[in-house]
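# An overview of the molecular structure
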Amino acid sequence: MAGDDLAETKKGSSKNTKNSNESKLKQKSPAEFFAENKNIAGFDNPGKSLYTTVRELVENALDSAESISELPEVEVTIEEIVKSKFNSMIGLIDRERVDTQLYDDYETEKAREKRLAKEARASEIQAKNLASGKKNKEPGVSKVLKARGEASYYKVTCKDNGKGMPHDDIPNMFGRVLSGTKYGLKQTRGKFGLGAKMALIWSKMSTGLPIEISSSMKSQNYVTFCRLDIDIHRNIPHIHLHEKKGNKEKWHGAEIQVVIEGNWTTYRSKILHYMRQMAVITPYAQFLFRFISETPEKNVTIKFTRRTDVMPPIPVETKHHPSSVDLLLIKRLVTDTSKKTLLQFLQNEFVNINKTLATRLIGEMGPDFSPSMAVKSVTSQQMVRIHQLFRQAKFDDPSGGCLSPAGEYNLRLGIIKELHPDMVATYSGSAQVFEGHPFIVEAGVSVGGRDVKQGINIFRFANRIPLLFEQGGDVVTRTASKRINWNSYKINQTQDKIGVFVSIVSTKIPFKGTGKEYIGDDISEIATAVKSAIQQCCIQLKSKIVKRLQAREQQERKRSLSRYIPDATGAVYEVLKQMTEEHKTKRKRYGEEDTAMLDKVSKEIITKETLTEKLAQHVEQVDYEMALEYATQSGVSEEPRENIYLQHLDSNKTNFIDLHSPTFVFRLIL
C-alpha cells in the first residue's frame, strides 16, 4: 500500500511538473516577433525580401540627405554570389554528393531520356520552321531542376551622401528593433520604422552573415566602420567590430552592405520599376543602380540623372490634433509632459487649442477639473472624461504646414524626364483632414510617352514612395478605372497611352493590409480628393487636346487645298485663254480690269505656273492667319518650343530665393 501511495504521489508530481511547464509564461522580443512574422514587413519570400531590402535602404538614404538639405546621390549595387563563393565567405568547404537519390532534384534515367527526347523534337521542329520560313513560337520556359534547399545569395550595397550617423549610436540603430530617430508625429517614408533592421534580421535568418556599416558625419575627420548582427531573442546588437578610420576625402554619408538570400530573376522588373518611379517622384535626386552577375551579359547598369535642384521642404514634426488621440495616447502624453498644470498641458501638447479654448474645455469637464490642477494628478477616470470631450467637441482642422508634398513642379518634371509624354497636366490640392490627420493629394495625368502601355497606367505614391503591390484594391486604381469618364475629356481609355500619377502625403497614411501596400477605397475624404485631383488634370488636358485637334484640322484643310491647286489652276488658266481668244476676235467685250488681265495672259505675264504659285501663297497666308489667331487665343508664341535644362548653381556659394509655379521655378539671385 505504501508503495502504491508513493507511486501515485510521484505520478501526481510528474503531472504537476508537466502542467507547470505548459502554463509557464513566455515572452518574445520585438526582433523575435518580426522574425517569425516577417511577411508583415514585406519579407514574404526571397524575391520580395530582396526588393524590400533595396527599398528600405534607398528610402533611408533619401531621408538622410534631405534632412541636411543635401541633393541626394544614391548608389545601389546588387551583386550575385554563387554557392561556392558564399560557402567560402562562411568558411564552409564544398562537398560532392554521395547519395544522389537523397536530393530533391534527382532525375531517373527514364525521366532524363524522356526530357532529352522532348527537347530534341522541339529543336527539330524549330529547324524545319526556319527552313520553310515559318515563324517559330516563343520557346517555353524550361523547367530547371533545382533542389528546394538550393538558394541564391546577393550582396546588397547602398551608399549615400546624407548626414551620416553618430559613432556611438550605430549599434543600437541597426541592432535593436523599434529604436530609431523617425518616431514622432510627422510625415515619414517608413511604414514600420524598421528600416535596415529587418534586412539584418533576414540576413541573420537566411545567411547568418553580419551587416557592415561605414558612416561619417559632416566635418568629421574619421569614418566609423561597424560590423554587427542582432541577438534576436534578446533584441540587442552583437558587435563584431566597431572602429574609427581616417577620412581624408572628407566624405559624409553612409554605406550599408548586407548579404541575403534573394531571387533577382522573379523580382528584377519590380526592383527596376521601383527605381524608375522613385526617379519620377524625386527628380532632384541622382540614382545609380547596378546589378553584377557571374555572367557578364546579365549585368545591368542604369543611371537616373538629376533634372532639378529644387527640393521640397523638410517635413516638420507636429503635435497631435485633439480629435485624433485615443485614451492610451493621452495617458502617455500625461506621463511624458514637462508641463505642470492641466491648462498648460492642453495648450502645449495639442494643436489648435489656445488658452481661451483650453479654459472652456476644462470648464466643460466638470467640477473635479481646474486650470491650475497638477496634470500628473489626473486619474484614469478623469483621462476618460478628457478623451470623451475631445471626441465630441469641435476643433479647427489641422493645417498642412507640417507636410512636404513633392510639388507640382517636381512631379511634372519627373513625369517628363522618365516618360517623355506627348502632353502632361499636374494638380496639387489643398490640405484636407481625415480623422484629425492632414493630408495633401497631388496628381498628374500624361498622354503618350516612352515605355507606356495602351490604356490606363497607374503610378501610386504614399509619402513620396512608390507602391507597387496590391494595386487592384487601391483608391487610386478604383477611382481612375471606374469613376473618371475619360471620353468626356477627349481621351480614349483603351487606345491612348494614359499615365495616372497620384501622390498622397500625410502624418498618417491609412494603409490597408498587413503589408501596407495600398490605401483603401472606403475613406470618403481621400477618395473624393483623389477624384477631384485627377479631374482637374483631365480638364487641363482636354483644353490642350481640343486645341491640338483644331490645329490638326487646319493642317488637313491646308493639305486638301494644296492637293487641288494643280487642277484648279489648270481649269482657271484654260478659261482665261478662252476669254483671251474671244477678246481678240471681238466676239465678246470685257471691262477695263478684265481686259488688262487678259492682255497679261496673252503676253504670258500670267501663266499656269504663276497662277499655281499665287494660289499656293494664298493657301499659306490663310493657314498662317488661322494659326496666328489660334496662338493668340491660347497664349503661346508663334515660334516652336522645345524643352531645355539649365545647369543648376552651386547652392553653397550662391544666395537665392525660389519663387514656385506649377510649371517653373523662378530663381532670384541675391
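See the structure shown above.
What counts as what
- Residues numbered from 1 in each chain as written.
- Predicted model: local features only at pLDDT ≥ 70, side-chain atom pairs only at ≥ 80, totals over all residues.
- Heavy atoms only, no water.
- Helix = DSSP H or I, 4+ residues; strand = E, 2+ residues; numbered from the N terminus.
- Buried < 20%, exposed > 50% of the residue type's maximum accessible area, 1.4 Å probe, protein only.
- Contact = heavy atoms within 4.5 Å.
- Areas by Shrake-Rupley, 256 points an atom, 1.4 Å probe, with all protein chains shown as cover.
- Axes fitted to C-alpha atoms, helices over the stretch in contact; angles between N-to-C directions.
- Parallel < 35°, antiparallel > 145°, perpendicular 65-115°, else oblique.
- Left-handed = near helix turned anticlockwise from the far one by under 90°.
- Nonpolar A, V, L, I, M, F, W, Y, C, P; charged D, E, K, R; others polar.
- Polar contact = N/O pair within 3.5 Å; in protein donor to acceptor, adjacent residues only side chain to side chain.
- Phe/Tyr/Trp six-rings, centres within 6.5 Å; stacked < 30°, edge-to-face > 60°.

### A closer look at the overall build of the protein
Secondary structure summary: the protein contains 17 helices and 18 strands in total. Looking at the protein as a whole, 42% of its 670 residues are labelled buried. Nonlocal contacts in the protein, meaning residues at least 24 apart in sequence, comprise 74% of its contacts between residues at least 6 apart. Roughly 38800 Å² of accessible area belongs to the protein as shown, and the carbon and sulfur atoms make up 50% of that amount.

### Some thoughts on the packing of helix α10 (residues 342-349) against helix α11 (residues 355-365)
Their axes nearest at 9 Å, the elements α10 and α11 cross at an angle of 125°. What the angle tells us is that α10 and α11 run oblique. Along this stretch, α10 crosses α11, giving a crossing that reads as right-handed. Here α10 contributes Leu342, Leu343, Leu346 and Gln347 to the contact with α11, which in turn contributes Lys355, Ala358, Thr359, Ile362 and Met365. When the residues that make up the contact of α10 with α11 are grouped by side-chain class, the tally is six nonpolar, two polar and one charged.

### Some words on the side chain of Arg460
Following the sequence through the fold, Arg460 ends up in strand β12 (residues 455-462). Overall, the relative accessible area of 2% leaves Arg460 in the buried class. There is a polar contact of 3.0 Å between the side chain of Arg460 and the side chain of Asp474.

### Remarks on the packing of aromatic side chains
Applying the stated criterion across every chain yields a total of twelve aromatic pairs. Arranged with centres 6.3 Å apart and planes meeting at 35°, the rings of Tyr267 and Phe469 form a pair that is tilted. With Tyr267 in helix α8 (residues 264-281) and Phe469 in the loop between β13 (465-467) and α14 (475-483), this residue pair connects regions lying 202 residues apart in the sequence. Phe469 shares its class with Tyr267; the two are buried. An angle of 80° between the planes, with centres 6.0 Å apart, marks the rings of Phe390 and Phe395 as edge-to-face. Take Phe395: its relative accessible area is 11%, and that puts it in the buried class. Ring pairing ties together the aromatic residues Tyr51, Tyr267, Tyr274 and Phe469, which thus form one cluster.

### A few points about the side chain of Thr479
Secondary-structure assignment places Thr479 in helix α14. Taking the relative accessible area as the measure of exposure, Thr479 reaches 0% and is therefore buried. Among the polar contacts listed, one links the side chain of Thr479 to the backbone oxygen of Val475, at a separation of 2.7 Å. Those residues in contact with Thr479 that lie beyond four places of it in its chain are Ile484, Ala527, Val530, Lys531 and Ile534.

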